[in-house]
Amino acid sequence: MNNSENPQDMVPPVEGVAGGGTAYGWGDGSLQIQDQSLLRGTIDPTRVPSSELVHVWSMPSTANVGPQEMPRPLEPVSLLAARNERESIQIAIRPKVSWSGTNIAGVVQIQCTDLCSTSGDRLVIGQSVTLRRVVPILGVPDALVPIEMPVSQINLLPGETSAIWVSVDVPITQPPGQYDGEFIVTATKADAECAAQFLGKSEKHQLYRELKNCLDVIEPIDGKTVEEVVERVKSANTTLRRVLLSPSFSEFFSENGPLDMMDEDANLSIRVKLSLTVWDFVLPETPSLPAVIGISDTVIEDRFGVKHGSAEWYDALEQHFKWLLQYKISPYFCKWGNSMRVLTYTSPWPADHPKSDEFFSDPRLAAYAVPYSPVVPCGDLTKDYLQKEVEILRSKSHWKKAYFYLWDEPLNVQQYDAIRHQASEIHAYAPDARVLTTYYSGPSDAPLAPDNFLKVPGYLRPHTQIYCTSEWVIGNREEMVKDIIAEIQPENNEEWWTYVCMGPPDPHPNWHLGMRGTQHRAVMWRVWKEGGTGFLYWGANCYDKATVASAEIKFRRGLPPASLRLERLLSGLQDIEYLKLYSSRYGRDEGVGILEKTGMYLGPERYTVEHTPIDMMRGCAKKG
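Looking at an unreviewed UniProt entry, one finds the protein named Glycoside hydrolase 123 catalytic domain-containing protein, with Lactuca virosa as its source organism.

Now the structure itself:
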């Protein structure tokens, strides 16, 4: 959504990185230390309210909170979520002064409580509520690094903003209602033995409230099921552990007692109120729209130093499968052959192996790739491999998730003929098998014009069932989408998917490092609006950053286990569930219309840079 007067549009871009900058606002100097006399000379954080030492404020999950992000007023956080949904918020922390004698500005202790409802239900820190620190990659906030829970300490650098990513995963069985808690920031001393604070009046009240919550959770167990009693005991155990590990508690009751005492009315900590409303509906376990994302097995072998087919190799692949599956992504592993021929597979084990059945039966998996040839060749097992695999998989209820991905972006008649040949063999064993083909043009050496890929379905039919086209080719020509869909025959079980990779570039939605948060999330908004029934991406662990535009693309040695872009991908898939819910009641046209009415997404170059329209869409979809 274009808004030339929005101050966010004035943010300078990141040098050498596509997309918007890392900061979303500029300070106006209104947030000042109230009493400068408190900060003269050596600063003892146990004698000064933390609000005089650090700025603390919240930012939405779509904001890229970089080191130069400037403070905003501190306001309570209100989140909305369905059951089986993850919602996230960022807590930004920036030092006002330095109180450490080292090269850091100072140390802050961060803590988050459980989120509790008035009926005694709760979302437990460390289980449903997680904290991770946002860490820059190539100067851009992206990696999410776990921190200790429920209490942790982080170093603040002078003149730099740090961000903590707070995620709430709402279980499917969570009772609806409002859940309240707090995110607590306390400036403390750098020395570990001096990091804890005395117990003032407010701290005593906090401990009393935490301990009383344990009783509130444990006592009302009459008539409860064994499973619920166990969950309540686990919750009480987490609370007690948090209290016992709290530096203020452990120091106060240590052998030497508290280091110092001051006015008990002092309130040293900064408390951010967290409120989550859990709605009374459930997002489906299996994503309505399959997002299949590739993982290079070659990069895994190189990064982890594992030999193809070894026990360690299988373990590494399983870890990567589970890594992406938690984001509702349907992973496929890939090994490249000559001329863009690909061997793709979701399970490295044969179809009759229990692990394959475990992978394919997972309700979070929306689609899986079946290899055309053995992933790990083994003598006689290679003979009649395809026929045996297909016969086993067709007997399973998860066969409807299966697809074959044989060739990436064919460019000439020879490559198109290779697809037809392989697909014919597959369909001889399984007429209902789905073959997926990615493409951005027709064959260059055929009468079909090379830049006119609208006729590709007719060229590949009936050897392909999933026609997966590049969003880069579509660009901003949205009228082309209607022409593409007109060529697809859903009555013959044909589907239209789209994909992004190195293109399309800014300002179109993609997952490039440095793009805006709404730009990342809009990848799925675009899929929904254009009418695609699936999405493909290559690849999750693949490309390194080139220093110059003409440099050769290189494979990188791996990525962090969590990132802002993965979180925003998940959020986009969850947005689709809201749009589907709304469309199921009022029709698809109204579902598409709500994107425009809220200003969330109008087209590949016109979508919101603010977070508010996203909450508006979700609220409308739920109420509708």
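**Considerations on the overall build of the protein**
If you tally the helices and strands in the protein, you get 15 helices and 23 strands. Within the span of the protein, comprising 624 residues, buried residues form 55% of the whole. Put simply, of all contacts in the protein between residues at least 6 apart along the chain, 75% involve residues at least 24 apart. Carbon and sulfur atoms make up 53% of the accessible area of the protein, which totals about 27300 Å².

**Thoughts on the packing of helix H13 (residues 564–586) against helix H14 (residues 588–597)**
Packing of H13 against H14 brings their axes to within 7 Å, and their N-to-C directions diverge by 135°. Judged by the angle between their axes, H13 and H14 are oblique. As for the relative orientation of H13 and H14, their crossing is right-handed in sense. Of the residues in H14, those in contact with Leu579, Tyr582, Ser583 and Tyr586 of H13 are Arg588, Glu590, Gly591, Ile594 and Leu595. A per-class count over the contact of H13 with H14 returns five nonpolar, two polar and two charged.

**Re the sheet that holds strand E20 (residues 495–500)**
The nine strands are arranged E15-E14-E13-E21-E20-E19-E18-E17-E16 in an open sheet whose pairing can be described as mixed. Because the sheet does not close on itself, it has two edges, and the strands there are strand E15 (342–345) and strand E16 (368–369). Sheet topology note: the E16/strand E17 (residues 402–408) ladder contains two bridges and is parallel. Note that in E17 the partner of alanine 369 across the bridge is tyrosine 403. In this fold helix H4 (residues 297–304) packs onto strand E13 (291–296), strand E14 (330–336) and E15, with an angle of close to 45° to the strand it touches most, E13.

**As for the pattern of salt bridges**
Applying the stated rule across the entire model yields 31 salt bridges. The salt bridge involving arginine 565 is made with aspartate 142; its shortest N-O contact spans 3.0 Å. Separated by 423 residues along the polypeptide, arginine 565 in helix H13 and aspartate 142 in strand E8 (residues 140–146) bring together distant segments of the chain. Since its relative accessible area comes to 3%, aspartate 142 is described here as buried. For arginine 526, the salt bridge goes to glutamate 530, with nearest N and O atoms at 2.8 Å. You can see arginine 526 and its partner glutamate 530 sitting in helix H12 (residues 517–530), four residues apart, about one turn around the helix.

**Digging into the packing of aromatic side chains**
Taken as a whole, this structure holds 18 aromatic pairs when the rule is applied. Ring plane angle 75° and centroid distance 5.3 Å describe the contact between tryptophan 336 and tryptophan 538, whose orientation is recorded as edge-to-face. Note that tryptophan 336 is positioned in strand E14 and tryptophan 538 in the loop between strand E21 (534–537) and H13, a separation of 202 residues in sequence. Grouped by ring-pair contacts, the aromatic residues Trp313, Tyr314, Phe321, Trp349 and Phe359 constitute a single cluster. Across from the ring centre of tryptophan 528, 4.9 Å away, lies the NZ or CZ of arginine 588, which sits over that ring.

**Side note on the side chain of glutamate 567**
With respect to the secondary-structure elements, glutamate 567 resides in helix H13. Glutamate 567 sits in the buried class, given a relative accessible area of 2%. Here the side chain of glutamate 567 touches arginine 132 through a polar contact of 2.8 Å, side chain to side chain. Every residue in contact with glutamate 567, bar those within four places of it in the chain, is listed here: Arg86, Ser88, Arg132, Leu144, Trp165, Ser167 and Tyr327.

**Notes on the nonpolar core**
By size, the foremost hydrophobic cluster in this structure holds 83 residues, and its most contacted members are Trp399, Phe404, Met524 and Phe535. Considering every element that reaches this core, the biggest residue donor is H13, with nine residues.

**Description of helix H6 (residues 354–361)**
Buried within H6 are the following residues: Ser356, Phe359 and Phe360. Along the axis of H6, the buried positions cluster into a sector of 90°, meaning they face one direction only. As for H6, its buried residues are in contact with helix H5 (311–325), E16 and helix H7 (385–394).

**Some words on helix H15 (residues 612–623)**
Between the first and last C-alpha of H15 there are 17 Å, a value that for 12 residues agrees with the 16 Å anticipated at 1.5 Å per step. Among all positions of H15, only Pro613, Ile614, Met617, Arg618, Gly619 and Ala621 are buried. Buried positions along H15 lie against strand E2 (77–83), strand E3 (86–95), strand E12 (270–282), H12, H13 and H14.

**Considering the pairing of E8**
Burial of E8 is extensive: five of the seven residues sit out of reach of the surface. With six bridges connecting them, strand E7 (residues 129–137) and E8 associate as antiparallel partners. Following the sheet pairing, proline 136 is matched in E8 by proline 141. Where E7 folds back on E8, the antiparallel hairpin that results is connected by two residues, among which leucine 138 adopts a positive phi of roughly 55°.

**A word on the sheet that holds strand E10 (residues 162–169)**
Within a sheet, neighbouring strands are paired by backbone hydrogen bonds and run either parallel or antiparallel to one another. In space, the five strands of this open sheet follow the order E1-E3-E10-E7-E8, with antiparallel pairing throughout. Edge strands, defined here as strands with exactly one partner in the open sheet, are strand E1 (54–60) and E8. Strand-to-strand twist across the sheet, computed as the mean angle between neighbouring axes with direction ignored, equals 30°. Sheet contacts for H13: E3, E7, E8 and E10; angle to E8, the most-contacted strand, approximately 90°.

**Quick notes on unusual backbone geometry**
In the segment running from glycine 503 into proline 504, the intervening peptide bond is cis, with an omega of 5°. If you trace the backbone, proline 504 turns up in the loop between E20 and H12. Geometrically, the link from aspartate 506 to proline 507 is a cis peptide bond, its omega value of 10° lying close to zero. As for its placement among the helices and strands, proline 507 is situated in the loop between E20 and H12.

**Some words on the side chain of glutamate 530**
A residue is classified by how much of its surface remains accessible, and glutamate 530, at 7% relative accessible area, is buried. Setting aside residues up to four positions removed in sequence, glutamate 530 forms contacts with Glu471, Ile474, Val481, Ile485, Trp496, Thr498 and Arg588.

**Comments concerning the packing of H7 against helix H8 (residues 413–429)**
At a minimum axis separation of 9 Å, H7 and H8 run at an interaxial angle of 50°. Here H7 lies oblique to H8, going by the angle between them. Our pair here, H7 against H8, has a crossing hand that is right-handed. The residues of H8 that touch H7, namely those facing Leu386, Gln387, Val390 and Arg394, are Glu425, Ile426 and Tyr429. Of the residues assigned to the contact of H7 with H8, the class counts are four nonpolar, one polar and two charged.

Reading guide: rules and limits
Residues numbered from 1 in each chain as written. Predicted model: local features only at pLDDT ≥ 70, side-chain atom pairs only at ≥ 80, totals over all residues. Heavy atoms only, no water. Helix = DSSP H or I, 4+ residues; strand = E, 2+ residues; numbered from the N terminus. Buried < 20%, exposed > 50% of the residue type's maximum accessible area, 1.4 Å probe, protein only. Contact = heavy atoms within 4.5 Å. Areas by Shrake-Rupley, 256 points an atom, 1.4 Å probe, with all protein chains shown as cover. Axes fitted to C-alpha atoms, helices over the stretch in contact; angles between N-to-C directions. Parallel < 35°, antiparallel > 145°, perpendicular 65-115°, else oblique. Left-handed = near helix turned anticlockwise from the far one by under 90°. Nonpolar A, V, L, I, M, F, W, Y, C, P; charged D, E, K, R; others polar. Pairing = 2+ DSSP bridges. Salt bridge = Lys/Arg side-chain N within 4 Å of Asp/Glu carboxyl O. Phe/Tyr/Trp six-rings, centres within 6.5 Å; stacked < 30°, edge-to-face > 60°. Lys NZ or Arg CZ within 6 Å of the ring centre and 35° of its normal. Polar contact = N/O pair within 3.5 Å; in protein donor to acceptor, adjacent residues only side chain to side chain. Core = buried A, V, L, I, M, F, W, Y, C linked by side-chain atoms within 4.5 Å. Arc of directions from axis to C-beta. Expected span 1.5 Å × (residues − 1).

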